[in-house]
Amino acid sequence: MRYLLLSDLHSNREALEAVLLDANNQYDRILSCGDLVGYGPDPNYVVEWARENVLLTIRGNHDRACCGMDDIEWFNPVAQAATRWTMGQLSAENTEYLRNLPGGPVLQDDFILVHGSPLDEDEYVASMTDAANVYPYLEVSLTFFGHTHLQGGFAWIEETQRAIRRLKPEESAMRVEVTPGSCWLVNPGSVGQPRDGDPRAAYGIFDGATGDVTLHRTPYDTEAVRRKIERAGLPAVLGARLALGR
Ligand code: ZN
C-alpha cells in the first residue's frame, strides 16, 4: 500500500488541489496528521474533501479549537481571530466531523500517526532535543507527525541521531530510506501553511512495499489564497506569510 501523507492543511484549497495534482497516481490511500482547518479561507471545502477522501485523519489543535472543544485563550490574537471566523463558517456536519476525529497516536498498519508528539498531541517536535525525548517511548520504528509546519524530521540510528534535511529550492522530491531497527519521526510538512522558508505546499508518500518515504514540494498560487483571505476579512498576515513560507 502506498499512502499520501498530509498535514496542516489549514483550510487552504489551492494548496490541497496542487498537492493532489502533483501526487496523482503515486498513492493508494490518504492519511492526515491533523489541522484540516484554521487560518485559511476554505474550511468547509477542505473538511468535506477529507470526509470523502481521507482514510484516517487525526485531530490537530486547530481542529479541536474550531469545533469548540478547546478554550482558545492561549492562542495568539491572529489564531484566535481565524478560529472565530472558522467557527462561524463551518457547517454543522463539518463541525461534528471535526469533533469526532481521533486524537493521536493512532496505529495504521505498522506505523503511527500523531499531530504533535507521540507523548502529547499539542507538543512540538521541532529539534533534535525534542526528538531525543521521544525515542525511548516509541513502540514502532516509523511515526508521522505534523504541528510544526516544518517538513523533515529526525531519526535515531545505531545510537546516533540525525535530522532529515530539507529539500533545496531546486528539488521537488527527496527519498528518505527508512532503515529497519531504528526510530524515525517524519513530518510530511504543511500543505496549507509551510513555515520552513519554502512557500511550496508540502506532502509525503510512504511506500509500504519498500518502507521508504518520499518528501515532496509543489508550488501553488499563494497570491490567489492571499486575496481570498483578504476578502474573507481574516487577518492579512495570514495571507502575506504564504508567499514567504514563514
Ligand atoms: Zn497546524
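Structure: see above.
Our subject in this report is the structure included herewith. These numbers were taken from a predicted model, which means no experiment stands behind them.

Taken together, the protein ligands of the zinc ion are Asp8 (OD), His10 (NE2), Asp35 (OD) and His149 (NE2), with distances of 2.1 to 2.3 Å. One can describe the site at the zinc ion as irregular: its four donor atoms subtend angles covering 87 to 177 degrees at the metal. The motif formed by the donor residues of the zinc ion, counted along the single chain, is D-x1-H-x24-D-x113-H. Taken as a pair, Asp8 in the loop between strand 1 (2–6) and helix 1 (13–22) and His149 in the loop between strand 6 (142–144) and strand 7 (152–157) lie far apart in primary sequence, 141 residues in all. Considered together, Asp8 and His149 belong to a single accessibility category, that of buried residues.

Further remarks concern the layout of surface pockets. Considered as a void within the structure, the largest pocket measures approximately 180 Å³ in volume. If you trace the largest pocket, you find 13 residues lining it, with Asp110, Ser141, Leu142, Phe206 and Gly211 closest to the centre. Its residues assigned to classes, the lining of the largest pocket comprises seven nonpolar, four polar and two charged.

Tallying each qualifying case throughout the model produces 17 salt bridges. Taking the shortest distance from any N to any O, the salt bridge between Glu96 and Arg99 comes out at 3.6 Å. With Glu96 and Arg99 both in helix 5 (residues 92–99), this residue pair falls three residues apart, about one helical turn. Overall, Arg99 belongs to the partly exposed group, its relative accessible area being 41%. Note that Arg217 and Asp198 form a salt bridge whose closest N and O atoms lie 3.8 Å from each other. With Arg217 in strand 12 (residues 213–218) and Asp198 in the loop between strand 10 (183–187) and strand 11 (201–207), the pair connects residues that are 19 residues apart, well separated along the chain. Look at Arg217 and you get buried, because its relative accessible area is 3%. Taken together, the shared-partner salt bridges in this structure form one network comprising Arg59, Arg64, Asp70, Glu121 and Asp122.

Our next topic: unusual backbone geometry. Omega for the bond connecting Gly104 with Pro105 falls within 30 degrees of zero, at -5 degrees, which places this linkage in the cis form. With respect to the element layout, Pro105 can be found in the loop between helix 5 and strand 4 (106–108). Of note in the backbone geometry, Tyr39 takes a positive phi value of approximately 80 degrees without being a glycine. Here Tyr39 shows up in the loop between strand 2 (29–32) and helix 2 (43–53). Since its relative accessible area comes to 10%, Tyr39 is described here as buried. Positive phi outside glycine occurs at Asp109, with the angle close to 50 degrees. Relative to the elements of secondary structure, Asp109 occurs in the loop between strand 4 and strand 5 (111–113). The partly exposed category is assigned to Asp109, whose relative accessible area is 48%.

What counts, and at which threshold
- Residues numbered from 1 in each chain as written.
- Predicted model: local features only at pLDDT ≥ 70, side-chain atom pairs only at ≥ 80, totals over all residues.
- Heavy atoms only, no water.
- Donors = N, O, S within 2.8 Å, 3.2 Å for Na, K, Ca; no water.
- Tetrahedral: all angles 85-135°; square planar, octahedral: opposite > 155°, others 65-115°.
- Helix = DSSP H or I, 4+ residues; strand = E, 2+ residues; numbered from the N terminus.
- Buried < 20%, exposed > 50% of the residue type's maximum accessible area, 1.4 Å probe, protein only.
- 1 Å grid on protein atoms, 1.4 Å probe; cavity = no way out; pocket = protein on both sides within 12 Å on 5 of 7 lines; lining within 4 Å.
- Points joined across faces, edges and corners; volume = space filled by probe spheres on them.
- Nonpolar A, V, L, I, M, F, W, Y, C, P; charged D, E, K, R; others polar.
- Salt bridge = Lys/Arg side-chain N within 4 Å of Asp/Glu carboxyl O.

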